[in-house]
Amino acid sequence: MRIVLLGAPGSGKGTQSQRLVEQQRIPQVSTGDLLRAAVAQGTPLGVQAKEAMTAGRLVEDSIVLGMIRERLGEPDTGCGFILDGFPRNLAQARALDTLLQQIGQPLDVVVQLKVDYAELSRRIAGRRTCSDCGRVVNLLTTPREALEQERCPTTGKPHRLFQRPDDNQATVAERLRVYDQQTSPLIEYYAGQGLLRSIDAQGDVAEVSRRLEAVLPR
Ligand code: AMP
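Residues numbered from 1 in each chain as written. Predicted model: local features only at pLDDT ≥ 70, side-chain atom pairs only at ≥ 80, totals over all residues. Heavy atoms only, no water.

Asks: Explain the overall build of the chain to me, and be specific about the residues and the numbers.
Replies: When its secondary structure is counted, the chain shows 10 helices and 8 strands. Against the 2.2 N^0.38 benchmark of 17 Å for 218 residues, the chain shows a C-alpha radius of gyration of 17 Å, consistent with a compact globule. Overall, the C-alpha framework of the chain stretches about 50 × 40 × 35 Å when taken along its three principal axes. Buried positions account for 44% of the 218 residues belonging to the chain. Within the chain, contacts between residues at least 6 apart in sequence are counted, and of these 69% link residues at least 24 apart. Working note: accessible area of the chain is about 11,300 Å², and carbon and sulfur atoms make up 51% of it. Charge-centre separation for the chain: the mean point of 28 positive side chains lies 2 Å from the mean point of 26 negative side chains. (Helix = DSSP H or I, 4+ residues; strand = E, 2+ residues; numbered from the N terminus. Rg over C-alpha atoms; globule rule 2.2 N^0.38 Å. Buried < 20%, exposed > 50% of the residue type's maximum accessible area, 1.4 Å probe, protein only. Contact = heavy atoms within 4.5 Å. Areas by Shrake-Rupley, 256 points an atom, 1.4 Å probe, with all protein chains shown as cover. Lys, Arg positive; Asp, Glu negative; His and termini not counted. Charge placed at Lys NZ, Arg CZ, Asp CG, Glu CD.)

Set out below in structure tokens:
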């Protein structure tokens, strides 16, 4: 199955993707993760992308499209994939359509995760990532004792949590503005193609997963 998860920063695309990976046995392709890896490795693309990411703006389409083209050319995506954080504007959506047409793998569904603005800001403020295994947790919804007891699968020790540098208040406001201006037009774009399903993505994570599963094509 070929799925796009569409939603504002903090809407749970990453969390729901990780659950879908287990359930559907298809890889998650997150342009945010690919870009963060390029920045961490200091590759030329990473160096180019860093400024926009720090400011909460979109990275140039040519960079992101190059990464997606390369990633979707890898064999593990042959049976399907979950796109998380891509496409993020109309030009990327059109380029994706062309690419998928060329490789004969059209999208099956686009799921919009709907979360209100106050909840998005709250979720982003509590979001932390383990620097060893990459697990994303939310300090506001995960009990402290549960976190302390959990062992990182990479180190066998408690997770070493950090806050993403672009999760600070000023950058988040810009990312939400960019979402409204550039990404939200994709809702209409995919509705026009008959691919869009929208779900309420607030509340319990497992409950949101059930809503998501319910709208996937059989
Ligand atoms: P994310 O992890 O999806 O929230 O993405 C983090 C940051 O990476 C965004 O704020 C953008 O600066 C950049 N980014 C991720 N995906 C894209 C994309 N499809 N197009 C342009 N920039 C992106």
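Asks: Please provide a residue-by-residue account of helix α10 (residues 205-215), values included.
Replies: Within α10 the residues assigned to the buried category are Val208, Ser209 and Leu212. Axial view of α10: buried residues confined to an arc of 105°, hence all on one face. The secondary structure elements touched by the buried residues of α10 are β1 (2-6), α1 (13-24), β4 (109-114) and β8 (196-200). (Arc of directions from axis to C-beta.)

Asks: Can you break down the nonpolar core residue by residue, with the values?
Replies: Ranked by size, the top nonpolar core spans 30 residues in total, and within it Leu72, Leu83, Leu96, Leu107 and Tyr190 carry the most contacts. When contributions to this core are tallied by element, the ones reaching two or more residues are β1, α2 (31-41), α3 (44-55), α4 (61-72), β3 (81-84), α5 (90-102) and α9 (185-192). Broken down by element, this core gets its largest block of residues, 6 residues, from α4. Apart from the residues lying within four places of it in its own chain, the contact partners of Leu83 are Ile3, Val4, Leu5, Val29, Ile68, Leu72 and Leu96. Counting 20 residues, the second-largest nonpolar core is a separate cluster that includes Val109, Val172, Tyr179 and Ile199. (Core = buried A, V, L, I, M, F, W, Y, C linked by side-chain atoms within 4.5 Å.)

Asks: Before we move on, could you go through the site of the ligand and cite the residues and values that matter?
Replies: Lining the immediate environment of the ligand, one finds 16 residues, of which Thr31, Arg36, Arg57, Val59 and Gln92 sit closest. Between the ligand and Arg88, the relevant distance is 3.0 Å, taken from an oxygen atom to a side-chain nitrogen or oxygen of the residue. Between the ligand and Arg164, the relevant distance is 3.2 Å, taken from an oxygen atom to a side-chain nitrogen or oxygen of the residue. In isolation the ligand has 480 Å² of accessible area, and contact with the protein removes 96% of it. Element by element, the count of residues in the shell around the ligand is highest for α2, at 4 residues. When its residues are assigned to classes, the shell around the ligand shows 6 nonpolar, 4 polar and 6 charged. (Near = heavy atom within 4 Å. Polar contact = N/O pair within 3.5 Å; in protein donor to acceptor, adjacent residues only side chain to side chain. Nonpolar A, V, L, I, M, F, W, Y, C, P; charged D, E, K, R; others polar.)

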